[in-house]
Amino acid sequence: MSRSSPIPTSAAPADLDALRALLIGLRLDRAAAALAAVLSDAVRDDLNPPDFLRRLLGVESDGREESRIRTSLKLSGLPLGPTLATFDFAFQPAIERSRIEMLATGQWIRDNQSLLLLGPPGVGKTHLAVALGVAAVERGLSTTYFRIEELLHALRHDARTPPAHLRRRKYMNSALLIVDEVGFEPFSREDANLFFRLVSYRYQRGAICITSNKAIRDWPEMLAGDETLAAAILDRLLHASHVLAIKGRSYRLRDLEATLAARA
Ligand code: ADP
Ligand code: MG
């Protein structure tokens with residue numbers, strides 16, 4: 001098997017400048033910036049030319065991917081902080097790690113399914129929703145995060161516009177729409193209708209993740225007491241869905257619990 005010979009000597013500065021200009025002309029700015037360092041590493045490590053090239057283009061490729069993720073995270077509106085790496089599965093045994101890892105692959109998003117994260121305050125609904133959003137962005141799936149109040153504000157603003165004209169709205173066209181904190185405030189009838197319109201537009205077109213402190217049986221009451229509308233919304237949400245009802249303890253209150261236990 002023939003093996004290409006190592007890069008023999010360091011290149012003359014003028015050659016390096018010309019190569020750098022060529023890389024910049026091809027919009028490979030990161031590779032251009034890393035050229036001298038990668039080249040001297042290549043000489044040091046006795047790399048053959050294909051390995052040198054792979055390393056140089058790897059710098060460009062990794063840099064692009066990082067910058068894509070950074071930009072997409074910024075555009076998504078996802079709060080900074082929660083990730084799957086910082087979720088303590090041991091604290092919340094009701095949540096199976098394997099199930100969350102499966103969801104983190106994003107296949108349910110590609111299949112336009114729904115995910116409902118239900119449970120009382122503090123059990124990690126927002127943390128998991130955001131962490132799954134971050135995982136989706138990392139896999140190249142466009143993601144948008146709204147608290148329900150902000151979403152309803154946007155929907156009210158667009159209320160008179162036909163859905164066909166709303167295709168460029170992020171809440172319409174993201175692969176994954178995360179709607180957090182549904183149920184803290186009851187919906188007005190108008191808001192419930194706007195929410196229905198959104199859910200039915202996205203049905204089988206995009207994935208939706210909803211977090212709520214209200215169990216499904218309480219949704220009709222939450223949705224302005226309109227049972228028909230609630231049934232229509234739930235029908236679409238539950239058609240192809242993952243439902244995680246989290247019954248565990250509040251993570252927010254764990255320190256308080258510990259303090260009280262110590263005093264008892
Ligand atoms: P919820 O949305 O269910 O009210 P959050 O996801 O906001 O709860 O959780 C409350 C706080 O506790 C957040 O700061 C969150 O990051 C943290 N938290 C909740 N559950 C866990 C967990 N299992 N591991 C690590 N942090 C958690
Ligand atoms: Mg929350």
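Being a predicted model, the structure only gives us computed values, none of them experimental. (Residues numbered from 1 in each chain as written. Chains lettered and ligands numbered in written order. Predicted model: local features only at pLDDT ≥ 70, side-chain atom pairs only at ≥ 80, totals over all residues. Heavy atoms only, no water.)

Across its full length, the protein chain carries 12 helices and 5 strands. Its C-alpha atoms give the protein chain a radius of gyration of 25 Å, clearly above 18 Å, the size a compact globule of 264 residues would have. Here the C-alpha coordinates of the protein chain stretch approximately 75 × 60 × 35 Å along the principal axes. Taking all 264 residues of the protein chain together, 40% fall into the buried category. Here the protein chain has roughly 14,800 Å² of accessible surface; of this, 55% comes from carbon and sulfur atoms. Side chains of the protein chain give 35 positive and 31 negative charges; the mean places of these two sets differ by 3 Å. (Helix = DSSP H or I, 4+ residues; strand = E, 2+ residues; numbered from the N terminus. Rg over C-alpha atoms; globule rule 2.2 N^0.38 Å. Buried < 20%, exposed > 50% of the residue type's maximum accessible area, 1.4 Å probe, protein only. Areas by Shrake-Rupley, 256 points an atom, 1.4 Å probe, with all protein chains shown as cover. Lys, Arg positive; Asp, Glu negative; His and termini not counted. Charge placed at Lys NZ, Arg CZ, Asp CG, Glu CD.)

In sheet architecture, strand pairing relies on hydrogen bonds along the backbone and comes in two forms, parallel and antiparallel. Strand order across the open sheet formed by 5 strands is β2-β3-β4-β1-β5, with parallel pairing between neighbours. Single-partner strands in this sheet number two, and they are β2 (143–147) and β5 (241–245). Taken over all neighbouring pairs, the strand axes of this sheet differ in orientation by 10° on average, direction set aside. Pairing analysis gives 5 bridges linking strand β1 (residues 114–118) to β5, with the strands arranged parallel. (Pairing = 2+ DSSP bridges. Axes fitted to C-alpha atoms, helices over the stretch in contact; angles between N-to-C directions.)

What follows concerns the domain arrangement of the protein chain. The assigned domain composition of the protein chain is domain 1 (13–70) and domain 2 (84–255). Computed from C-alpha atoms alone, the centre-to-centre distance between domain 1 and domain 2 is 42 Å. (Domains from an automatic or database assignment.)

This part takes up the packing of helix α7 (residues 148–157) against helix α9 (residues 189–202). Direction vectors running N to C along α7 and α9 enclose 90°, while the axes themselves pass 10 Å from each other. Judged by the angle between their axes, α7 and α9 are roughly perpendicular. Touching Ile 148, Leu 151, Leu 152, Leu 155 and Arg 156 of α7 are Asp 191, Leu 194, Phe 195 and Leu 198, all from α9. Counted by class, the contact of α7 with α9 contains 7 nonpolar, no polar and 2 charged residues. (Parallel < 35°, antiparallel > 145°, perpendicular 65-115°, else oblique. Contact = heavy atoms within 4.5 Å. Nonpolar A, V, L, I, M, F, W, Y, C, P; charged D, E, K, R; others polar.)

Let us now look at the site of ligand 1. In the vicinity of ligand 1 there are 13 residues, among which Asp 88, Gly 122, Lys 125, Thr 126 and His 127 approach most closely. Val 123 places a main-chain nitrogen or oxygen 3.2 Å from an oxygen atom of ligand 1. Within the side chain of Thr 126, one N or O atom sits 2.8 Å away from an oxygen atom of ligand 1. (Near = heavy atom within 4 Å. Polar contact = N/O pair within 3.5 Å; in protein donor to acceptor, adjacent residues only side chain to side chain.)

This next bit is on the side chain of Asp 180. Locating Asp 180 in the fold gives a position in strand β3 (residues 176–182). Despite its burial, Asp 180 pairs with no opposite charge; the closest candidate is Arg 147, at 5.8 Å N-O. Here Tyr 145 takes part through its side chain, which lies 2.7 Å from a polar atom of the side chain of Asp 180. Here Asp 180 is in contact with Thr 126, Tyr 145, Phe 146, Arg 147, Ile 148 and Thr 211, once residues within four sequence places are set aside. (Salt bridge = Lys/Arg side-chain N within 4 Å of Asp/Glu carboxyl O.)

Moving on to unusual backbone geometry. For residues that are not glycine, phi is negative in most cases, and the peptide bond is trans in most cases. The phi angle at Arg 27 is positive, at roughly 65°, despite the residue not being glycine. Of note, Arg 27 is situated in the loop between α1 (13–25) and α2 (29–44). We classify Arg 27 as exposed; its relative accessible area is 66%. Positive phi, normally seen in glycine, also occurs at Ala 224, with a value near 60°. Look at Ala 224 and you get partly exposed, because its relative accessible area is 26%.

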